[in-house]
Amino acid sequence: MIILKIGGSILTNKDSKTSEVDSSSLKRIASEIKDSMDNSQKQLIIVHGAGSFGHPPAKKHRIGEEFDRKLYPQKRLGFCEIQNEVKKLNMFVCEAFINEGLPVIALSASSFITATDKRITSGNLDLFKNYLSKGFIPVIYGDVVLDDDLEFCVISGDQLIQYLAKNLNPDRVVMGTDVDGVYNKNPKTHDDAIFFDKFTSLEDLDTLEGTTNVDVTGGMVGKIKELLDLADLGIESKIINAEVEGNIFKVLEDKEVKGTIISRGN
Ligand code: ADP
């Protein structure tokens with residue numbers, strides 16, 4: 001079994017104020033996945049990010065922050081809005097996959113997962129197993145869920161990867177994003193960023209970068225934390241560039257692809 005994450009950065013224009021799907025990138029990824037599914041038998045789970053569909057409304061409604069009880073109805077409606085936006089992106093993704101002939105089934109986190117202080121604490125995966133055993137490809141995505149402490153919270157695709165991998169014990173976990181892997185600092189803003197073939201500890205980032213500022217490192221630190229947690233359980237993962245044509249196909253075929261392996265071993 002392979003768990004594949006497709007970053008929101010690949011599917012949407014994250015900087016855009018409006019929700020825009022990158023249809024050509026989506027079509028290419030769908031066709032690479034189809035080629036690999038035709039080529040060799042495997043069970044596959046796809047997780048995708050929320051990109052420009054989820055981040056702006058989540059920021060606007062400040063979901064995941066403590067709030068005054070008087071604001072509850074307003075927050076609840078914000079939750080509904082975000083849930084609906086990310087579902088729209090998921091429909092575009094699934095439509096592209098179905099058009100390629102991939103048997104995808106969307107399972108939304110908000111309908112079966114709950115969290116405590118922003119971490120997933122329950123979510124029955126029997127239906128995942130059932131769909132997998134019948135040859136479906138379950139698709140889940142970054143979403144909002146009920147939270148025992150905070151009422152509502154956002155669950156990233158990256159946290160979902162961790163939860164699924166922990167509970168389903170896949171052979172491989174792959175994260176596709178819009179850079180080649182992990183560098184000592186953001187490669188989009190630093191020409192001299194150094195690439196890691198293998199990443200074993202967050203300290204590698206800190207010592208080299210001299211800061212733990214999450215803003216500086218953007219979305220990558222969140223991913224690395226989730227994947228290091230998995231590495232602690234002995235589950236190795238790889239971050240690759242899903243914008244490079246052929247990379248998704250190759251990685252699904254277990255062929256050599258440039259990327260960063262996240263593990264605790266040396
Ligand atoms: P996705 O939407 O694919 O899940 P994010 O946009 O959340 O991805 O995170 C990927 C981004 O993280 C990259 O585009 C890159 O600019 C940024 N980034 C920040 N710090 C690093 C780093 N040290 N190594 C690699 N990428 C980094």
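The structure this text deals with has already been given above.
Because the structure is a prediction, the values reported are computed rather than measured.

Draft legend 1. Structural detail: the overall build of the protein chain. When its secondary structure is counted, the protein chain shows 10 helices and 12 strands. By its C-alpha atoms, the protein chain is 55 × 50 × 35 Å across when sized along the principal axes. Per-residue burial for the protein chain yields a buried fraction of 52% across its 266 residues. At a minimum sequence separation of 6, the contacts of the protein chain that also span at least 24 residues come to 74%. Accessible area for the protein chain stands at about 12800 Å²; split by element, carbon and sulfur atoms hold 47% of it. Of the charged side chains in the protein chain, 32 are positive and 41 negative; the average position of the first set lies 3 Å away from that of the second.

Draft legend 2. Layout of the packing of helix 6 (residues 157–168) against helix 9 (residues 220–232). Two numbers describe how helix 6 lies on helix 9: the axes approach to 9 Å, and their chain directions differ by 10 degrees. One way to sum up the angle between helix 6 and helix 9 is to call them roughly parallel. Facing helix 6, whose interface residues are D158, Q159, I161, Q162, A165 and K166, helix 9 presents K223, E226, L227, D229 and L230. Tallied by class, residues from the contact of helix 6 with helix 9 come to four nonpolar, two polar and five charged.

Draft legend 3. Structural context of the sheet that holds strand 1 (residues 2–6). Here eight strands make up an open sheet; going across it, the order is 3-6-2-1-9-11-12-10 and the pairing mixed. Edge positions in the sheet fall to strand 3 (104–106) and strand 10 (198–199), since each has one partner strand and no second. Note: strand 1 against strand 9 (residues 172–177), five bridges, orientation parallel. In the strand pairing of strand 9, I6 is matched with G176.

Draft legend 4. Spatial organisation of the sheet that holds strand 8 (residues 151–155). Sheet architecture is open: four strands sit in the order 5-4-7-8, paired in mixed fashion. In the strand order of this sheet, the two ends are held by strand 5 (119–123) and strand 8, each with one partner. The average angle at which neighbouring strand axes cross in this sheet is 45 degrees, direction not considered. Pairing geometry for strand 4 (residues 113–116) and strand 7 (residues 143–147), over two bridges, is parallel. Within strand 7, the residue paired with T114 across the bridge is L146.

Draft legend 5. Looking closely at the pairing of strand 7. With four of five residues buried, strand 7 lies mostly within the body of the structure. Sheet topology places strand 7 next to strand 8; five bridges connect them, and they run antiparallel. Paired with L146 across the two strands is F152, which belongs to strand 8.

Draft legend 6. Spatial organisation of the environment of E253. Summarising the element assignment, E253 is placed in the loop between helix 10 (247–252) and strand 12 (259–262). Sequence separation of E253 and I45 is 208 residues, and the distance between their C-alpha atoms is 15 Å. In this structure E253 touches S36, N39, S40 and K42, once residues within four positions along its chain are discounted.

Draft legend 7. Structural context of unusual backbone geometry. Unlike most non-glycine residues, D117 shows phi in positive territory, near 45 degrees. Not every positive phi belongs to a glycine, and K118 is a case in point at roughly 75 degrees. Examined against the element boundaries, K118 turns out to sit in the loop between strand 4 and strand 5.

Scoring rules and cut-offs
- Residues numbered from 1 in each chain as written.
- Predicted model: local features only at pLDDT ≥ 70, side-chain atom pairs only at ≥ 80, totals over all residues.
- Heavy atoms only, no water.
- Helix = DSSP H or I, 4+ residues; strand = E, 2+ residues; numbered from the N terminus.
- Buried < 20%, exposed > 50% of the residue type's maximum accessible area, 1.4 Å probe, protein only.
- Contact = heavy atoms within 4.5 Å.
- Areas by Shrake-Rupley, 256 points an atom, 1.4 Å probe, with all protein chains shown as cover.
- Lys, Arg positive; Asp, Glu negative; His and termini not counted.
- Charge placed at Lys NZ, Arg CZ, Asp CG, Glu CD.
- Axes fitted to C-alpha atoms, helices over the stretch in contact; angles between N-to-C directions.
- Parallel < 35°, antiparallel > 145°, perpendicular 65-115°, else oblique.
- Nonpolar A, V, L, I, M, F, W, Y, C, P; charged D, E, K, R; others polar.
- Pairing = 2+ DSSP bridges.

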